[in-house]
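Chains, contacts and geometry: an overview
Here is what each chain is made of, one letter per residue.
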Amino acid sequence: MYIDNEDFEKWMEKLSKKLTEIGQDLKSLINTDKVLDDNEKILDNQDLAFLLKVSFRTLQRYRVSGQLPYFTIGKKTYYRANDIRAFVRERADSQIYKQFEKANQLENQP
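Scope of this entry: the structure provided in the associated data block. (Residues numbered from 1 in each chain as written. Predicted model: local features only at pLDDT ≥ 70, side-chain atom pairs only at ≥ 80, totals over all residues. Heavy atoms only, no water.)

1. Focus on helix α4 (residues 56-64)
Where α4 is concerned, the buried positions are Thr58, Leu59 and Arg63. Down the axis of α4, the sector holding all buried residues measures 140°, keeping them to one side. Tucked into the core, α4 has its buried residues touching α3 (45-52) and β3 (76-80). Of the residues flanking the end of α4, it is Gly66, one or two places downstream, whose phi is positive at about 85°. (Buried < 20%, exposed > 50% of the residue type's maximum accessible area, 1.4 Å probe, protein only. Helix = DSSP H or I, 4+ residues; strand = E, 2+ residues; numbered from the N terminus. Arc of directions from axis to C-beta. Contact = heavy atoms within 4.5 Å.)

2. Points about the packing of aromatic side chains
The tally for this structure, following the rule as stated, stands at 3 aromatic pairs. In this structure, Arg63 packs its charged tip against the face of Tyr70, placed 5.6 Å from the ring centre. (Phe/Tyr/Trp six-rings, centres within 6.5 Å; stacked < 30°, edge-to-face > 60°. Lys NZ or Arg CZ within 6 Å of the ring centre and 35° of its normal.)

3. Overview of the side chain of Arg63
Its place among the elements puts Arg63 in helix α4. One buried charged residue, Arg63, remains without a salt bridge, the closest side chain of opposite sign being Asp44 at 10 Å. Engagement of the side chain of Arg63 in a polar contact is seen with the side chain of Asn45, the distance being 3.2 Å. When residues no more than four places from it in sequence are discounted, the contact partners of Arg63 are Asn45, Leu68, Tyr70, Thr77 and Tyr79. (Lys, Arg positive; Asp, Glu negative; His and termini not counted. Salt bridge = Lys/Arg side-chain N within 4 Å of Asp/Glu carboxyl O. Polar contact = N/O pair within 3.5 Å; in protein donor to acceptor, adjacent residues only side chain to side chain.)

See below:
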């Protein structure tokens, strides 16, 4: 198979952009020790939407309004389990929270 110079240069440019993107993602991963404690659990958007039985758009509204703390690594959004517990406690009565904890086996941490 023959590839002319123009096609090769386009291909190399795409490859270079992708490698740069991967490099930026790796840089953000290097700083995760500042974001997470050793025993802290995190959930991504899909996990949390499934857990809370809400849409991705609803989670976005909570993030934008400042009701739900989050952090990103690369282009992916994550939530700390402790922040989720506090969020659920604020919005639910004690019976609903107990059901949530039992269904999802979340430990009660202060």
